[in-house]
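# Notes for the structure review
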Amino acid sequence: MDIRTVPGDALTLAQTTQIIELCSEVFRLDYAFYMNLDLPRVHVLGYAGERLVAHALWLFRRLRIGTGPWFEAAYVEGVATHADFRRQGYGSAVMRRLQDAIRGFDLGALSPREPGWYERLGWERWQGPLLIVKDGAAEVTPDVCVLVYRTPRTGALDLAAPLTGEWRPFELW
C-alpha cells in the first residue's frame, strides 16, 4: 500500500485522470466537474501497485460554532475506495493520513453518506442545527449529516450548538 499526499496544483495529468475515473465510478457522476473547480485543495491518494484505489481530499473552509469566531476547518471531500479494494484497509489508511495532515487546522469536517465508517475513525456527528450563510443571511439545512474531527487546535466543542458554514456554489455541505 502506497499513500501519497499531493497538493492539487502539483497533481500530474495522470493522477488527475485517475482521481476523476475513480470518483466518477464510486459516486456515479462526472467527478471532472469537481476537479475543475478553482479551489485550492490537497489530495491523499492510496495505491495498490500503480493503480489508484482510494482517494480523499481536503480544502479550506470557514465554519462557526454557535455565535463564536470562525474556525479554519479542513473540509473533507471525495472520499472514495474502488469496490474491488474495500474492506482491505485502503480507505482507512487514506483517512488516517488525511487526519494526521490536518492537525494544524482548528478542526476537520465532512458530510458523509455512511457516517458510521467515519465514526470508527474518530469523527463525531454534529448534533446541533446546521446552517449556511449566503449574502449575510443564515438558512437552516435540514436532512444533512455533518461530522467533525478534533485536532490538537480544536479545544472544547459543543456538538449541540449550531454549526454554520459559508455558502459555496456546489454542495452546501
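Residues numbered from 1 in each chain as written. Predicted model: local features only at pLDDT ≥ 70, side-chain atom pairs only at ≥ 80, totals over all residues. Heavy atoms only, no water.

## As for the nonpolar core
The following threshold applies: Put simply, buried Ala, Val, Leu, Ile, Met, Phe, Trp, Tyr and Cys residues joined by side-chain atoms within 4.5 Å make one nonpolar core. Throughout, exposure labels follow a simple rule: accessible area from a 1.4 Å probe, protein chains only, divided by the maximum for the residue type, with under 20% read as buried, over 50% as exposed, and the rest as partly exposed. Secondary structure follows DSSP: runs of H or I at least 4 residues long count as helices, runs of E at least 2 residues long count as strands, and numbering of each begins at the N terminus. Note on definitions: a residue-residue contact is assigned when non-hydrogen atoms from the two residues lie within 4.5 Å.
Ranked by size, the top nonpolar core spans 35 residues in total, and within it Ile19, Trp126, Leu163 and Trp173 carry the most contacts. Of all elements in the fold, only helix H1 (13-27), helix H2 (32-35), strand S2 (41-48), strand S3 (51-65), strand S4 (70-81), strand S5 (107-110) and strand S7 (130-134) reach the threshold of two or more residues within this core. Apart from the residues lying within four places of it in its own chain, the contact partners of Trp126 are Ile65, Val146, Leu147, Val148, Asp158, Leu159, Ala161, Pro162 and Leu163. By size, the runner-up hydrophobic cluster in this structure holds 26 residues, among which are Val79, Val94, Leu98 and Phe105.

## Thoughts on the pairing of S2
Consecutive side chains of a regular strand alternate in pointing toward one face of the sheet and then the other. Note the following rule: At least two bridges found by DSSP between two strands is the condition for calling them paired.
With eight of its eight residues buried, S2 lies for the most part within the structure. The two faces of S2 match: Arg41, His43, Leu45 and Tyr47 on one face and Val42, Val44, Gly46 and Ala48 on the other face are all buried. Two elements, strand S1 (residues 2-7) and S2, share six bridges in a ladder whose sense is antiparallel. Note on S2: the bridge partner recorded for Val6 is His43. The pairing of S2 with S3 spans eight bridges and is classified as antiparallel. Bridged to Arg41 within S3 is Leu59. From the end of S2 to the start of S3, which pair antiparallel, there are two residues, and Gly49 there has a positive phi angle of about 65 degrees.

## Some remarks on unusual backbone geometry
Positive phi, normally seen in glycine, also occurs at Arg28, with a value near 55 degrees. Secondary-structure assignment places Arg28 in the loop between H1 and H2. Despite not being glycine, Arg87 has its phi angle at roughly 60 degrees, a positive value. Here Arg87 lies in the loop between S4 and helix H3 (90-101). On the basis of relative accessible area, Arg87 is assigned to the exposed category, the value being 84%.

## A few points about the state of the cysteines
Put plainly, a disulfide is one covalent bond tying together the sulfur atoms of two cysteines. Put simply, the rule is: Working definition: a disulfide is two cysteine sulfur atoms within 2.5 Å of each other.
What the rule picks out here adds up to zero disulfides. Cysteine Cys23 shares no disulfide, and the gap to the nearest cysteine sulfur, in Cys145, comes to 20 Å. Classification of Cys145 as buried rests on a relative accessible area of 18%.

## Some thoughts on the packing of aromatic side chains
The condition is simple: We call Phe, Tyr and Trp rings a pair once their centres come within 6.5 Å, taking the six-membered ring for Trp, and we label the pair stacked below 30 degrees between planes, edge-to-face above 60, and tilted otherwise. For a ring to carry a charge above it, either NZ of a lysine or CZ of an arginine must fall within 6 Å of the ring centroid while also lying within 35 degrees of the normal to the ring plane.
Taken as a whole and judged by the stated rule, the model has seven aromatic pairs. Ring centres 5.8 Å apart and planes at 35 degrees place the aromatic pair Phe27 and Tyr31 in the tilted group. An aromatic cluster is built from Phe27, Tyr31, Phe33, Tyr34 and Phe170, whose rings are joined through pairwise contacts. Above the face of the Tyr47 ring, Arg4 is positioned so that its terminal group lies 4.0 Å from the ring centre. The ring of Trp173 is capped by Arg61, whose NZ or CZ atom sits 5.1 Å from the centre of that ring.

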